[in-house]
Amino acid sequence: MSLQSRILGAIAALLLLTLVSGGALLSLHARSMVEREVRTAFEGARNSVHDTLESDVEHTVTLRQVVASFQGQRHVRAALVNENGKVIVKSEIGHIANPAPDWFSRLMRPPQMSASININLPQYPCVVRLTSDPRSEIADVWSHARDAFLGMLLFCGATMGVVWLALAYALGFFRRFRGGLLAISDGAYDARLDTNGPPEFAALARGFNHMAARLQSYSEANRRLHRQVQTVQEEERAGIARDLHDEVG
């Protein structure tokens, strides 16, 4: 596995762990918020019903009005039930435009709360039953949690993109550096690297260029020395040839 793949894999694993941990913490916070909001609304509704029923109630009309006042509320449903268990009137929570998925609803749903308030009317004994309904709050939390998670996902994707570009640039420089070394080994001492870029890479490039310039100067000096040696050898051979010719003559 290449170095680039190893670095990208390690960073991807770290970002994935961060994403999972962030999602878990976000879920815990969201569930706590749902439970707190629903509990507060339920306790407020129960206290409101108790306050309303503190006055003398002589007929079920007032109780119908009490139940009707819960129609469209977000967290509590109310029902008026007679002594035989028949529902006389009940309320429903407000319309949920964008409900949360079932898996998220099951994850966020707090324990259901309910309360039964007995009404001892002379002719119509009945019960006002209050039930918590967290669907609306869960839908709101889902909207915020989804946006936050998408934000984290986009951040992780952007981070991977930036790291990939940085690694591609760095490895491109090292490929050019390797190519320069191969050129030097083949005798191309005029090879040079671009010194523009980050300070670390610029320092390496300047060091490479300095080495190549010194090797080029040594090579040129060696060639001059080689030519001088050849000239001296030719002169010696010519002198020896003349001496032999004179001796023979």
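See the structure shown above.
As a starting point, this report considers the structure included with it. Numbering of residues starts from 1 in each chain and follows the order in which that chain's sequence is written. The model is predicted, so local features are restricted to residues of pLDDT at least 70 and side-chain atom pairs to those at 80 or more, both for listing and for counting; the totals for chains, interfaces and linings are taken over all residues. For side-chain calculations, the full set of non-hydrogen atoms in the structure is used, while hydrogens and water are omitted.

Within the chain one finds five helices and four strands. For the purposes of this entry, the term helix denotes a DSSP run of H or I that reaches at least four residues, the term strand denotes a run of E that reaches at least two, and both are numbered from the N terminus. Going from the N terminus to the C terminus, the chain shows its helices and strands as α-α-β-β-α-β-β-α-α. A compact globule built from 249 residues would reach a C-alpha radius of gyration of about 18 Å, whereas the chain, at 44 Å, exceeds it by more than 25%. Principal-axis analysis of the C-alpha atoms gives the chain an extent of 160 × 25 × 25 Å. Taken over 249 residues, the chain has a buried fraction of 28%. Sequence-distant contacts in the chain: of pairs separated by 6 or more residues, those separated by 24 or more amount to 66%. Accessible areas in this description were obtained via Shrake-Rupley with a 1.4 Å probe; residue shielding takes into account the shown protein chains only. Summed over all atoms, the accessible surface of the chain reaches about 16,500 Å², with 57% contributed by carbon and sulfur. For the purpose of counting charges, residues Lys and Arg are taken to be positive, whereas Asp and Glu are taken to be negative. His and the chain ends are not included. For this purpose, a charge sits on NZ of Lys, CZ of Arg, CG of Asp or CD of Glu. Taking the 26 positively charged and 25 negatively charged side chains of the chain as two groups, their mean positions are separated by 5 Å. Every radius of gyration here is taken over C-alpha atoms, with the globule rule written as 2.2 Å times N^0.38, N being the number of residues. The cut-offs for exposure are 20% and 50% of the maximum accessible area for each residue type, with area from a 1.4 Å probe on protein chains only; residues under the lower value are buried, those over the upper are exposed, and the others partly exposed. Here, two residues are considered to be in contact whenever any of their heavy atoms come within 4.5 Å of each other.

A pair is scored as a salt bridge if a Lys or Arg side-chain nitrogen falls within 4 Å of a carboxyl oxygen belonging to Asp or Glu. Applying the stated criterion across every chain yields a total of eight salt bridges. A salt bridge links Glu 35 to Arg 39, with the nearest nitrogen and oxygen atoms 3.7 Å apart. Here the residue Glu 35 and the residue Arg 39 both occupy positions in helix α1 (residues 3–52), the gap between them amounting to four residues, near one helical turn. Since its relative accessible area comes to 27%, Glu 35 is described here as partly exposed. Between Arg 46 and Glu 43 there is a salt bridge whose closest N-O contact spans 2.7 Å. One end of the pair is Arg 46 and the other is Glu 43, both in helix α1 and three residues apart, which spans about a single turn. Judged by its relative accessible area of 25%, Arg 46 is partly exposed.

Formed by 28 residues in total, the largest nonpolar core has its most connected members in Val 49, Phe 70, Phe 104, Val 128 and Leu 130. Listing elements by their share of this core, those giving two or more residues are α1, α2 (60–68), β1 (76–82), α3 (102–108), β3 (114–119), β4 (126–132) and α4 (135–185). Counting residues per element, this core draws most heavily on α1, which supplies six residues. Throughout, nonpolar core names a set of buried Ala, Val, Leu, Ile, Met, Phe, Trp, Tyr and Cys residues whose side chains join them through atoms within 4.5 Å. Listed in part, the eight residues of the second largest apolar core include Phe 201, Ala 205, Phe 208 and Ala 212.

Picture the strands of a sheet paired through backbone hydrogen bonds; they go either parallel or antiparallel. One requirement defines pairing of two strands: DSSP has to find at least two bridges between them. The strand order across the open sheet built from four strands is β2-β1-β4-β3, with neighbouring strands paired in antiparallel fashion. With partners counted over all chains shown, the strands left at the sheet margins are β2 (87–90) and β3, one partner each. This sheet shows a mean twist of 20° between the axes of neighbouring strands, independent of strand direction. Bridge analysis of β3 against β4 gives six bridges, and the strand direction is antiparallel. Note on geometry: axes are lines fitted to C-alpha atoms, helical ones only across the stretch in contact, with angles between N-to-C directions running from 0 to 180 degrees.

In this analysis, a patch consists of residues with relative accessible area above 30% that form no salt bridge, clustered at 9 Å for like charges and at 5 Å for the nonpolar side chains Val, Leu, Ile, Met, Phe, Trp and Tyr. On the surface, Phe 149, Leu 150 and Leu 153 cluster together to form a nonpolar patch covering roughly 250 Å² of accessible area. Looking at the element boundaries, Leu 153 is found in helix α4. A relative accessible area of 41% means that Leu 153 is categorised as partly exposed.

For a helix, the expected span equals 1.5 Å multiplied by the number of residues minus one. With 50 residues, α1 should reach 74 Å at 1.5 Å per residue; the first-to-last C-alpha distance of 73 Å fits that figure. Taken together, the buried positions of α1 are Leu 8, Leu 15, Leu 19, Gly 22, Gly 23, Ala 30, Val 34, Val 38, Phe 42, Ala 45 and Val 49.

With that settled, consider the packing of α1 against α4. α4 packs onto α1 with a crossing angle of 165° between their chain directions and a minimal axis gap of 10 Å. In terms of orientation, α1 lies roughly antiparallel with respect to α4. Of the two elements, α1 crosses α4, and the hand of that crossing is right-handed. Any residue that is not Ala, Val, Leu, Ile, Met, Phe, Trp, Tyr, Cys, Pro, Asp, Glu, Lys or Arg is counted as polar, Gly included; the first ten are nonpolar and the last four charged. Here the contact of α1 with α4 is composed, by residue class, of 25 nonpolar, four polar and two charged. Orientation labels follow simple angle bins: below 35 degrees gives roughly parallel, above 145 gives roughly antiparallel, 65 to 115 gives roughly perpendicular, and whatever is left gives oblique. Helix crossings get a hand from a simple test, with the near helix turned counterclockwise from the far one by less than a right angle marking a left-handed crossing and a clockwise turn marking a right-handed one.

Bringing the side chain of Asp 133 into the picture now. Mapped onto the elements of the fold, Asp 133 is located in the loop between β4 and α4. On the accessibility criterion, Asp 133 (4% relative accessible area) is buried. Contacts described as polar in this section are N or O atom pairs within 3.5 Å, which, within protein, must combine one atom able to donate a hydrogen with one able to accept it, while residues neighboring in sequence count only if both atoms come from side chains. A distance of 2.8 Å separates the side chain of Asp 133 from the side chain of Arg 135, its partner in a polar contact. For Asp 133, the residues in contact, after removing those within four places along its chain, are Arg 74, His 75, Arg 77 and Ile 93.

The next point concerns the side chain of Glu 137. Relative to the helices and strands, Glu 137 is located in helix α4. Taking the relative accessible area as the measure of exposure, Glu 137 reaches 8% and is therefore buried. Not counting residues within four places of it along the chain, the set of residues in contact with Glu 137 comprises Val 34, Glu 37, Val 38, Arg 74 and His 75.

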